[in-house]
Amino acid sequence: MKIAILDDYHDTLRTLRCFGKLGGHDVTIWNDHVQDVDALAARLRDTEVLVLIRERTQIRAPLLERLPHLRLISQRSVYPHIDIDACTRLGVIVSSSQHPGTPSYAAAELTWGLVLGAMRQIPQQMAALRAGKWQIGIGSTLRDKTLGIFGYGRIGSVVAGYGRAFGMNVLVWARETSLARARADGYATAASKAALFADSDVLSLHMRLVAATRGIVTADDLARMKPSALLVNTSRAPLIAPGALVAALRAGRPGMAAVDVFEEEPVRDPRHPLLVMDNVVATPHIGYVSRDEYEIQFTDIFDQIALRRPCGPGRGLLW
């Protein structure tokens, strides 16, 4: 089969142990990021199986309609970037492991790294030291402070455990079924969403981006936060209403943010508002980007391909 892999920025996949699962197939790996439909259609015109790295490239009807040989899209996790209706109409199978019960520890660890980095001003202190300055300010410790967890799923529950280990008071707000799990795990739950934002010293977002959660964090929510508080988002930028975080940081509530996700990605402009603020720690969507996480993800993805076999011209692929 002719397999194309998009957006492998650092040419990592061919170095993974699981890459051997694609032995015998004709595999093309693209290391740059392209969203232009004409360019993608030219690259993928003979592709039968398309492998995606999360949501880096949008796969919509105008592109799908120009890929007559495409039979399978294989990836991992959620798929808001794929036009499922168009795939159904065109006979393209979308196979995506939802890895139930298996959190992304890489994303949870990155979340906690951002919390520590922001609260102790680690990036700013490092930059100042390299510029010949010594101790440019005073950070804050985490012990006995309140860690708010908005969304208690696989990653949120792990981050809550990190907070507990650091001696923080963990406070959860989520759907009722998730709140019940949080209580069973021994965590306090907020009286309301408003109370979560008002009471948290560190508030971390951990929700999937779906229609019901898009813009779920409003300007009013952010305005309730303490001037000393930190808002952390390693999930998806559109969970926050467009422009609301930048405006809130300029207004001083919350006082800090730590983000791994942006409204438009990839970010190429160093003048982006979140990149020029001294009260923001930002990383380029690397929450799930670790060698160990890639090994787990692409073992799943390549197994999805191995479970399907060609069944003749024009007849697609069988499970």
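Quick notes on the rules
- Residues numbered from 1 in each chain as written.
- Predicted model: local features only at pLDDT ≥ 70, side-chain atom pairs only at ≥ 80, totals over all residues.
- Heavy atoms only, no water.
- Pairing = 2+ DSSP bridges.
- Helix = DSSP H or I, 4+ residues; strand = E, 2+ residues; numbered from the N terminus.
- Axes fitted to C-alpha atoms, helices over the stretch in contact; angles between N-to-C directions.
- Contact = heavy atoms within 4.5 Å.
- 1 Å grid on protein atoms, 1.4 Å probe; cavity = no way out; pocket = protein on both sides within 12 Å on 5 of 7 lines; lining within 4 Å.
- Points joined across faces, edges and corners; volume = space filled by probe spheres on them.
- Buried < 20%, exposed > 50% of the residue type's maximum accessible area, 1.4 Å probe, protein only.
- Phe/Tyr/Trp six-rings, centres within 6.5 Å; stacked < 30°, edge-to-face > 60°.
- Salt bridge = Lys/Arg side-chain N within 4 Å of Asp/Glu carboxyl O.

**Regarding the sheet that holds strand β5 (residues 93-97)**
Turning to step 1, where the next piece is worked out: If you trace the five strands from one edge of the open sheet to the other, you get β2-β1-β3-β4-β5, paired in parallel fashion. What marks the edges here is a single partner per strand, and that holds for β2 (26-29) and β5. Within this sheet the neighbouring strands show an average axis-to-axis angle of 20 degrees, counted without direction.
Turning to step 2, where the next piece is worked out: Inspection of the sheet shows strand β4 (residues 72-76) paired to β5 by five bridges, in the parallel sense. Bridging from a neighbouring strand, Ser 74 pairs with Ser 95 of β5.
Turning to step 3, where the next piece is worked out: Sheet contacts for helix α12 (residues 291-306): β1 (2-5), β3 (49-51), β4 and β5; angle to β4, the most-contacted strand, approximately 155 degrees.

**Digging into empty space enclosed by the protein**
Turning to step 1, where the next piece is worked out: Tallying each qualifying case throughout the model produces one cavity of 30 Å³ or more.
Turning to step 2, where the next piece is worked out: Taken as a whole, the largest cavity holds about 30 Å³ of empty space.

**Thoughts on helix α10 (residues 244-251)**
Turning to step 1, where the next piece is worked out: Three or more residues of α10 are buried, namely Ala 244, Leu 245, Val 246, Ala 248 and Leu 249.
Turning to step 2, where the next piece is worked out: Of the surrounding elements, those touching the buried residues of α10 are α9 (219-223), β10 (230-233), β11 (256-259), α11 (273-276) and β12 (280-282).

**Observations concerning the packing of aromatic side chains**
Turning to step 1, where the next piece is worked out: The final tally for this structure, using the stated rule, is seven aromatic pairs.
Turning to step 2, where the next piece is worked out: Relative to Tyr 162, the ring of Trp 112 lies with its centre 6.3 Å away and its plane at 65 degrees, an arrangement referred to as edge-to-face. Linking Trp 112 in helix α4 (residues 105-119) with Tyr 162 in helix α6 (residues 154-165), this pair joins segments that are 50 residues apart in sequence.
Turning to step 3, where the next piece is worked out: Residue Trp 112 is classed as buried on the basis of its relative accessible area, which comes to 5%.
Turning to step 4, where the next piece is worked out: According to the relative accessible area criterion, Tyr 162 is partly exposed, its value standing at 23%.
Turning to step 5, where the next piece is worked out: On the basis of an interplanar angle of 65 degrees and a centroid distance of 6.0 Å, the ring pair of Tyr 152 and Tyr 187 is categorised as edge-to-face. Of the two residues, Tyr 152 sits in the loop between β6 (146-150) and α6 while Tyr 187 sits in the loop between α7 (176-184) and β8 (188-189), which places them 35 residues apart along the sequence. Across the pair, Tyr 187 and Tyr 152 agree in class, each one buried.

**Observations concerning the pattern of salt bridges**
Turning to step 1, where the next piece is worked out: Applying the stated rule across the entire model yields 15 salt bridges.
Turning to step 2, where the next piece is worked out: Note that Asp 32 is salt-bridged to Arg 43, the shortest N-O span being 2.7 Å. Placement of the pair is Asp 32 in the loop between β2 and α1 (37-43) and Arg 43 in helix α1, with a sequence separation of 11 residues.
Turning to step 3, where the next piece is worked out: Between Asp 269 and Arg 271 there is a salt bridge whose closest N-O contact spans 3.1 Å.
Turning to step 4, where the next piece is worked out: Asp 269 gets classed as partly exposed once you look at its relative accessible area, which sits at 34%.
Turning to step 5, where the next piece is worked out: By sharing partners, the salt bridges in this structure join Arg 54, Glu 55 and Arg 236 into a single network.

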